[in-house]
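Spelled out, the chains give:
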Amino acid sequence: MKITILGAHGKIAMHMHHMLVNNGHQVRGLIRKQEQSEDLKNLGVEPVICDVEKEEDISEAVGNVDAVVFAAGAGPGSGADRKWTVDRDGAIKLIEAAKKNGIDRYVMISAMGLDEPRGSEVFQVYQKAKAEADEALRKSGLDYTIIKPGRLTDENGTGKVSLAPKLDPGEIPREDVAAVLTNVLETPSLSGKTLDLISGNSTVEEAINKVLG
Ligand SMILES: NC(=O)c1ccc[n+]([C@@H]2O[C@H](COP(=O)([O-])OP(=O)(O)OC[C@H]3O[C@@H](n4cnc5c(N)ncnc54)[C@H](OP(=O)(O)O)[C@@H]3O)[C@@H](O)[C@H]2O)c1
């Protein structure tokens, strides 16, 4: 499969690259900083420069692929403005590019607990921006899967997760999120699903099979 990842130098995306390449996929990584190109090339990923806040139409950068992944984020240090321009509008620009290029499959990294915004003012804007992006994707007509991880950690992955439409709050290593996203991309029957994700007791395959019933 050919896959384009927006936010390709992000921590989750960097875990995904070797998993996808090892499984035989071709990965196109959209980044906004030229100096990150070498890191992607070293992982077998084709770097493409694309700043989603500066470009209105990102379809050329996205290219002709089979699936796209939204892995970008304005990050914890950013203000409210960039929650809208990256976390919401960046995801929407990726929807528009997918439609324009005839790409059906869209996998979104969202976040748990968006229904009840909580925390600081900026964090609440982030949660609203992510919720609006998810809603735009659900209405897009694309074959979407929305994965909503709990609090992300940089611990080593355990390979054991819990995946379901609604889970109690929890946390999960980014490496495990990457493993789930890789499997989600390879499981088209997860299309149309929105799923919470935290650490748990099931292997990724078992967790996906439980969701599919
Ligand atoms: N932190 C949590 O606990 C938590 C929980 C649930 C979900 N999430 C979500 O998980 C996702 C991925 O997390 P992560 O830790 O892997 O993120 P990350 O390491 O912060 O990576 C985000 C990437 O987005 C890129 N980006 C920012 N602005 C951009 C722009 N204008 N154009 C193109 N790319 C841009 C950044 O590029 P630069 O390197 O150039 O800045 C960065 O590489 C995020 O969407 C986040 O909202 C986080």
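In this report, we go over the structure that sits alongside the text. Please read all numbers here as calculations on a predicted model, not as lab measurements.

### Let's talk about the site of the ligand
- Every one of the 27 residues lining the ligand counts as a neighbour, but R32, E53, A72, Y126 and R174 are closest to it.
- Side-chain polar atom of K33 to an oxygen atom of the ligand: 3.1 Å apart, as the coordinates give it.
- When the free accessible area of the ligand is taken as 940 Å², the share hidden by the protein chains comes to 83%.
- Listing elements by their share of the shell around the ligand, those giving two or more residues are α1 (11-22), α4 (80-101), α5 (121-138) and β7 (151-153).
- When its residues are assigned to classes, the shell around the ligand shows 11 nonpolar, seven polar and nine charged.

### So, the side chain of R28
- Take R28: it is sitting in strand β2 (residues 26-31).
- Once residues within four sequence positions are removed from consideration, R28 is found in contact with I3, T4, I5, V45, E46, V48, E60, A61, V62, G63 and V65.

### Remarks on the packing of aromatic side chains
- For the structure shown, the criterion picks out one aromatic pair.
- Between F123 and Y126, the ring centres sit 5.7 Å apart and the planes meet at 15°, which makes this aromatic pair stacked. Of the two residues, F123 and Y126 are both situated in helix α5; the distance of three residues between them amounts to about one turn of the helix.
- Of the residues examined, F123 reaches a relative accessible area of 33% and is grouped as partly exposed.

### Quick word on the nonpolar core
- Formed by 35 residues in total, the largest nonpolar core has its most connected members in I5, M16, V69, L163, L181, L185 and L197.
- Among the elements that make up this core, the one with the highest residue count is helix α6 (residues 174-185) (seven residues).
- Ignoring any residue separated from it by four or fewer positions in sequence, one finds L185 in contact with M1, I3, M16, L20, A67, V69, R105 and V107.
- Counting residues in hydrophobic clusters, the runner-up holds 27 residues, among them C50, V62, A74 and L137.

### Some remarks on the pairing of strand β5 (residues 105-109)
- Among the five residues in β5, five count as buried, and that is most of the element.
- Of the two faces of β5, both are covered, the one formed by R105, V107 and I109 as well as the one formed by Y106 and M108.
- With four bridges joining them, strand β4 (residues 67-70) and β5 adopt parallel strand pairing. Opposite F70, over in β5, you have M108 as the bridge partner.
- As paired elements, β5 and strand β6 (residues 143-149) share five bridges and run parallel to each other. Each residue of the ladder has a partner; that of I109, found in β6, is I147.
- Handedness of the β5-α5-β6 crossover: right-handed.

### Remarks on the side chain of T145
- Locating T145 in the fold gives a position in strand β6.
- A distance of 3.0 Å separates the side chain of T145 from the backbone oxygen of L190, its partner in a polar contact.
- Those residues in contact with T145 that lie beyond four places of it in its chain are R105, Y106, V107, M108, V184, L190, S191 and K193.

### Side note on the environment of K210
- Relative to the helices and strands, K210 is located in helix α7 (residues 204-212).
- For K210, a relative accessible area of 59% gives the class exposed.
- Sequence separation between K210 and S162 is 48 residues, and the spatial gap between their C-alpha atoms is 9.7 Å.

### Some details on the pattern of salt bridges
- The final tally for this structure, using the stated rule, is 14 salt bridges.
- Ionic pairing is found between R138 and E135, a salt bridge with its closest N-O pair at 3.4 Å. One end of the pair is R138 and the other is E135, both in helix α5 and three residues apart, which spans about a single turn.
- For E135, a relative accessible area of 34% translates into the label partly exposed.
- Of the charged contacts, one joins E135 and K139 as a salt bridge, the two residues approaching to 3.8 Å between their closest N and O atoms.
- Here the residues in one salt-bridge network are K11, D154 and R174, joined through shared partners.

Rules behind the numbers
- Residues numbered from 1 in each chain as written.
- Predicted model: local features only at pLDDT ≥ 70, side-chain atom pairs only at ≥ 80, totals over all residues.
- Heavy atoms only, no water.
- Near = heavy atom within 4 Å.
- Polar contact = N/O pair within 3.5 Å; in protein donor to acceptor, adjacent residues only side chain to side chain.
- Areas by Shrake-Rupley, 256 points an atom, 1.4 Å probe, with all protein chains shown as cover.
- Helix = DSSP H or I, 4+ residues; strand = E, 2+ residues; numbered from the N terminus.
- Nonpolar A, V, L, I, M, F, W, Y, C, P; charged D, E, K, R; others polar.
- Contact = heavy atoms within 4.5 Å.
- Phe/Tyr/Trp six-rings, centres within 6.5 Å; stacked < 30°, edge-to-face > 60°.
- Buried < 20%, exposed > 50% of the residue type's maximum accessible area, 1.4 Å probe, protein only.
- Core = buried A, V, L, I, M, F, W, Y, C linked by side-chain atoms within 4.5 Å.
- Pairing = 2+ DSSP bridges.
- Right-handed = clockwise from strand over helix to strand, strands pointing away.
- Salt bridge = Lys/Arg side-chain N within 4 Å of Asp/Glu carboxyl O.

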